[in-house]
Amino acid sequence: MTQVVGHRRGAAAQDAPARGPRRALLPLVVVAGGLVLALTVQQVFDPFRTDIPLCAVHHLTGLYCPGCGAIRGVHALLAGDLLLALRSNALIMVALPVTALLIGIWTRHRIQGRPTTVPLPRSLVIALLAAIALFTVLRNVPAFWFLAPISYIGA
């Protein structure tokens, strides 16, 4: 009987998540990969001078989806123009610091050996989806012209 109890303790210790600074490598690789991708796009082309129709929703319907203008926004942000970034896609500019905060929490949890999956409250998920839907609708209403993405192509 004691062997079974001892065996269970060993199994429980193996099931516990690892701890330590080495566990921060995955989040750092994810962040580094995102930055390399963004900086590569920054160097390869200027979305304000080159029209590349990436959004199928806008191409087929003429309506702006929540992601329209995101590449121009990130491009402007990397160039240091926060106002142009907000004007290109305000939702993405608000989402970037929130994403950075969540990646920081994820990294801390990994280092501390705590579970990295945190279930979001249903009310929060509904509120986020409602905010995205409202942003999508408002950016297609002429009275909220300042939410629509801008482009200098052909200007």
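The coordinates are above.
Residues numbered from 1 in each chain as written. Predicted model: local features only at pLDDT ≥ 70, side-chain atom pairs only at ≥ 80, totals over all residues. Heavy atoms only, no water.

## Quick notes on the packing of aromatic side chains
Worth spelling out the cut-off: Paired rings are identified among Phe, Tyr and Trp, the last through its six-membered ring, by centres lying within 6.5 Å, and are further divided according to the angle between planes into stacked (under 30 degrees), edge-to-face (over 60) and tilted (the rest). Here the term buried applies to any residue with accessible area under 20% of the maximum for its type, exposed to any over 50%, and partly exposed to those in between, with areas from a 1.4 Å probe on protein chains only.
One pass over the structure, following the stated rule, counts 2 aromatic pairs. Relative to Phe146, the ring of Trp145 lies with its centre 5.7 Å away and its plane at 85 degrees, an arrangement referred to as edge-to-face. Classification of Trp145 as exposed rests on a relative accessible area of 56%. Classification of Phe146 by relative accessible area gives partly exposed; the value is 39%. Site record: aromatic cluster; members linked through ring pairs are Phe144, Trp145 and Phe146.

## Let's talk about the nonpolar core
Stated formally: Joining through side-chain atoms within 4.5 Å is the link that ties buried Ala, Val, Leu, Ile, Met, Phe, Trp, Tyr and Cys residues into a set, and such a set is a nonpolar core. Two residues form a contact once any of their heavy atoms are found within 4.5 Å.
Listed in full, the 6 residues of the largest apolar core are Phe48, Ala76, Leu84, Ala85, Met93 and Ile150. In contact with Ala76, other than residues within four places in its own chain, are Phe48, Asp81, Leu84 and Ala85.

## What to know about the state of the cysteines
We count it as follows: Cysteine sulfur atoms that pair up within 2.5 Å are treated as a disulfide.
The final tally for this structure, using the stated rule, is 0 disulfides. With no disulfide of its own, Cys55 lies 3.4 Å from the sulfur of Cys68, the closest cysteine sulfur. Residue classification places Cys68 among the buried positions, given a relative accessible area of 8%.

## Points about helix 6 (residues 90–112)
Basically, it comes down to this: Every helix listed is a DSSP run of H or I at least four residues long, and every strand listed is a run of E at least two residues long, numbered separately from the N terminus. For a helix, the expected span equals 1.5 Å multiplied by the residue count minus one.
Between its first and last C-alpha atoms helix 6 spans 34 Å; for 23 residues at 1.5 Å apiece the expected length is 33 Å, and the two agree. Where helix 6 is concerned, the buried positions are Met93, Thr107, His109 and Arg110. On its buried side, helix 6 packs onto helix 2 (25–44), helix 4 (70–78) and helix 5 (82–88). Trailing helix 6 by a residue or two, Gly113 shows a phi angle of about 75 degrees, which is positive.

## Topic: the packing of helix 2 against helix 6
Packed helix pairs are specified by the crossing angle of their axes together with the interaxial distance, meaning the distance between the axes. What counts is decided by this rule: Note on method: axes are straight lines fitted to C-alpha atoms, helices fitted across the in-contact stretch only, with angles between N-to-C directions ranging 0 to 180 degrees. Should an angle lie under 35 degrees it is considered roughly parallel, over 145 roughly antiparallel, and from 65 to 115 roughly perpendicular; all remaining angles are considered oblique. Three residue categories are used. Nonpolar comprises Ala, Val, Leu, Ile, Met, Phe, Trp, Tyr, Cys and Pro, charged comprises Asp, Glu, Lys and Arg, and polar comprises the others, including Gly.
Orientation of helix 2 relative to helix 6, taken along the N-to-C sense of each, is 155 degrees, at an axis distance of 9 Å. As the angle between them shows, helix 2 and helix 6 are arranged roughly antiparallel. Residues Leu26, Pro27, Val30 and Val31 of helix 2 form the contact with helix 6, whose participating residues are Ile103, Trp106, Thr107 and Arg110. For the contact of helix 2 with helix 6, the per-class residue count stands at 6 nonpolar, 1 polar and 1 charged.

## Thoughts on the packing of helix 2 against helix 4
Two elements in contact, helix 2 and helix 4, have axes separated by 10 Å at closest approach and are oriented at 90 degrees. The pairing of helix 2 with helix 4 is recorded here as roughly perpendicular in orientation. Counting all contacts with helix 2, which are made through Ala38, Leu39, Val41 and Gln42, the residues of helix 4 involved are Ile71, Val74, His75 and Leu78. Considering only residue class, the contact of helix 2 with helix 4 consists of 6 nonpolar, 2 polar and no charged.

## Describing the environment of Ala24
Its location among the elements puts Ala24 in the loop between helix 1 (2–15) and helix 2. For Ala24, a relative accessible area of 10% translates into the label buried. For Ala24, the contacting residues outside a window of four places in its chain are Thr107 and Ile111.

## Considering the side chain of Arg139
What counts, and what does not: A 3.5 Å cut-off defines polar contacts: any pair of N or O atoms within that distance qualifies, except that in protein one atom must be a possible hydrogen donor and the other a possible acceptor, and neighbouring residues in sequence count only when both atoms are side-chain atoms.
By the secondary structure assignment, Arg139 is in the segment after helix 7 (122–138). Within the local environment of Arg139, its side chain forms a polar contact with the backbone oxygen of Leu147, the two atoms lying 3.1 Å apart. Non-local contacts of Arg139, meaning those with residues more than four positions away in its chain, are made with Tyr64, Cys65, Pro66, Gly67, Cys68, Ser88, Asn89, Phe144, Leu147, Ala148 and Pro149.

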